[in-house]
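Next come the chains, spelled out residue by residue.
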Amino acid sequence: MRTSLFQENICSPNDPENKPLVVILMGPPGAGKGTHAGPLSEHLSLPHISTGDLFREHIRNQTAFGREAKGFMDKGQLVPDSLVLDMLFNRVSREDCKNGYLLDGFPRTIGQAKALDERLKNAHRIIALNFKIDDERVIERVAGRIACKGCGRPFHKKFDPPKQENRCDSCGGLLIQRDDDKEEIIRKRLEVYRIQTQPLIEYYKAKSDVLKEIDSRNTKEKVFSDVLDVLGDVVAASLSFSRK
Ligand code: AMP
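Residues numbered from 1 in each chain as written. Predicted model: local features only at pLDDT ≥ 70, side-chain atom pairs only at ≥ 80, totals over all residues. Heavy atoms only, no water.

**Here's the deal with the confidence of the model for the chain**
Low pLDDT means the predicted atomic positions in that stretch should not be read closely.
Move 1: Model confidence for the chain is summarised by a mean pLDDT of 88, while 89% of its residues fall at 70 or above.
Move 2: Considering each helix and strand of the chain separately, the mean pLDDT is smallest for helix α9 (residues 220-242), with a value of 75, and largest for helix α8 (residues 199-205), with 97.
Move 3: In the model, residues 3-12 has pLDDT below 50 throughout and makes 20 contacts with residues more than four positions away in sequence or in other chains.
Move 4: Per-residue pLDDT stays below 50 along residues 238-244; that stretch engages in eleven contacts with residues further than four places along the chain or on separate chains. (pLDDT = per-residue confidence, 0-100. Helix = DSSP H or I, 4+ residues; strand = E, 2+ residues; numbered from the N terminus. Contact = heavy atoms within 4.5 Å.)

**Examining the packing of aromatic side chains**
Move 1: As enumerated under the stated definition, the model contains three aromatic pairs in all.
Move 2: With centroids separated by 6.0 Å and ring planes inclined at 20 degrees, the aromatic side chains of Phe 55 and Phe 65 adopt a geometry described as stacked. Taken together, the residues Phe 55 in helix α2 (residues 51-60) and Phe 65 in helix α3 (residues 64-73) connect sequence positions ten residues apart.
Move 3: A relative accessible area of 5% means that Phe 55 is categorised as buried.
Move 4: By relative accessible area, which is 23% here, Phe 65 ends up partly exposed. (Phe/Tyr/Trp six-rings, centres within 6.5 Å; stacked < 30°, edge-to-face > 60°. Buried < 20%, exposed > 50% of the residue type's maximum accessible area, 1.4 Å probe, protein only.)

**Some words on the site of the ligand**
Move 1: The local shell around the ligand holds 16 residues, among which Thr 51, Arg 56, Gln 77, Gln 112 and Arg 189 are the closest.
Move 2: Taking Gln 77, its main chain carries an N or O atom lying 2.6 Å from an oxygen atom of the ligand.
Move 3: Contact distances for the ligand include 2.9 Å between a nitrogen atom and a backbone N or O atom of Gly 105.
Move 4: In isolation the ligand offers 480 Å² of accessible surface; the protein chains occlude 96% of this area. (Near = heavy atom within 4 Å. Polar contact = N/O pair within 3.5 Å; in protein donor to acceptor, adjacent residues only side chain to side chain. Areas by Shrake-Rupley, 256 points an atom, 1.4 Å probe, with all protein chains shown as cover.)

**Description of the sheet that holds strand β6 (residues 154-156)**
Move 1: Strand order in the open sheet formed by three strands is β6-β5-β7, and the pairing between neighbours is antiparallel. On the outer flanks of this sheet lie β6 and β7 (175-176), each paired with one strand and no other. (Pairing = 2+ DSSP bridges.)

**Thoughts on the environment of Gln 198**
Move 1: Position of Gln 198 relative to the elements: it lies in the loop between α7 (183-197) and α8.
Move 2: For Gln 198 and Pro 28, which are 170 residues apart along the polypeptide, the C-alpha to C-alpha distance reads 8.2 Å.

**Some points on the state of the cysteines**
Move 1: On inspection of all chains with the given rule, the structure shows zero disulfides.
Move 2: With no disulfide partner, Cys 168 has as its closest neighbouring cysteine sulfur the one in Cys 151, 3.8 Å distant.
Move 3: Taking relative accessible area as the criterion, Cys 168 reaches 6% and is therefore assigned buried. (Disulfide = S-S within 2.5 Å.)

**A word on the packing of α2 against helix α4 (residues 81-92)**
Move 1: α4 packs onto α2 with a crossing angle of 100 degrees between their chain directions and a minimal axis gap of 11 Å. In this view, α2 runs roughly perpendicular relative to α4, as classed from their interaxial angle. From α2, Thr 51, Leu 54, Phe 55 and His 58 reach across to α4, where they touch Val 84, Met 87, Leu 88 and Arg 91.
Move 2: Grouping the constituent residues of the contact of α2 with α4 by class yields five nonpolar, two polar and one charged. (Axes fitted to C-alpha atoms, helices over the stretch in contact; angles between N-to-C directions. Parallel < 35°, antiparallel > 145°, perpendicular 65-115°, else oblique. Nonpolar A, V, L, I, M, F, W, Y, C, P; charged D, E, K, R; others polar.)

**Quick notes on the packing of α2 against α3**
Move 1: Taken N-terminus to C-terminus, the directions of α2 and α3 make an angle of 120 degrees; their axes are 8 Å apart at the nearest point. One finds that α2 runs oblique with respect to α3. In this structure, α2 crosses over α3, and the sense of that crossing is left-handed. Of the residues in α3, those in contact with Gly 52, Phe 55, Arg 56, His 58 and Ile 59 of α2 are Phe 65, Gly 66, Ala 69, Lys 70 and Met 73.
Move 2: Considering only residue class, the contact of α2 with α3 consists of five nonpolar, three polar and two charged. (Left-handed = near helix turned anticlockwise from the far one by under 90°.)

**A closer look at the nonpolar core**
Side chains that are nonpolar tend, in soluble globular proteins, to be buried together.
Move 1: Among the nonpolar cores identified, the biggest contains 33 residues, and Ile 24, Tyr 101, Leu 103, Leu 116 and Tyr 204 are the most heavily contacted of them.
Move 2: Put simply, the parts of the chain that give this core at least two residues each are β1 (21-26), α2, α3, α4, β3 (100-104), α5 (110-120), β4 (125-132) and α8.
Move 3: The leading source of residues in this core is α4, at seven residues.
Move 4: Here Leu 103 is in contact with Val 22, Val 23, Ile 24, Leu 25, Ile 49, Leu 88, Val 92 and Leu 116, once residues within four sequence places are set aside.
Move 5: Within the second largest apolar cluster, 25 residues are counted, among which are Leu 21, Leu 40, Val 227 and Leu 231. (Core = buried A, V, L, I, M, F, W, Y, C linked by side-chain atoms within 4.5 Å.)

**Description of α2**
Move 1: Of the positions making up α2, those classed as buried are Thr 51, Gly 52, Leu 54 and Phe 55. Take α2 and look down its axis: the buried residues cluster within an arc of 165 degrees, on one side only.
Move 2: A positive backbone phi angle near 55 degrees is found at Gln 62, which sits one or two residues after α2. (Arc of directions from axis to C-beta.)

Written out as structure tokens, the structure is:
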């Protein structure tokens, strides 16, 4: 098993210009963003911020904001930028994000990407990891996807089953399927992805050394290893810089 590059706390994960690192996990639903976000966050010692999780927290807490977002989520649509941006920017202004963070499920529109660029004002190093996968695999993966109601840990009925049926290995919580992971909703989410989110690939491709492609059809272990290899160059440069 690889050890965290930041485990020794010698440095913060900055790039050679000493900019905090923002890693964006991109790709259609079911591409593995949520699966790899946790281990990657630990590896880089950066907080994992998922806009979907933030919305689901609001829904669990039955806030008015959560009710509004749920209306869109249940139909497989995107929540309007006006609701997403404030919530996300509030979250990343917290102290734990000062050395950088991992974004899972944001940005999802060109408008969100531009708003992020405007906010960061070139003071961060952005890496966008694009997890590539085909629709049929997405359906197969998402249909079997379950997550802990308590701690949110993801499992898969076929590819990553829990030790005890319907119970979380980490906290013993109940494992449930998300409402928006039902097949008809996932097909709608894929369509929304293609129209509203896929153009982000070109957006980040146009920026120098930002977009990194990951073949997400491979096993979980292989994909994670590829992610570390791709990030290795960036992070290794940071380490050599911060030790100077
Ligand atoms: P996720 O957990 O990332 O799959 O997101 C679940 C749902 O939350 C999405 O299908 C959207 O309805 C909503 N959502 C999450 N992130 C965003 C975002 N950045 N912009 C708009 N809607 C979002």
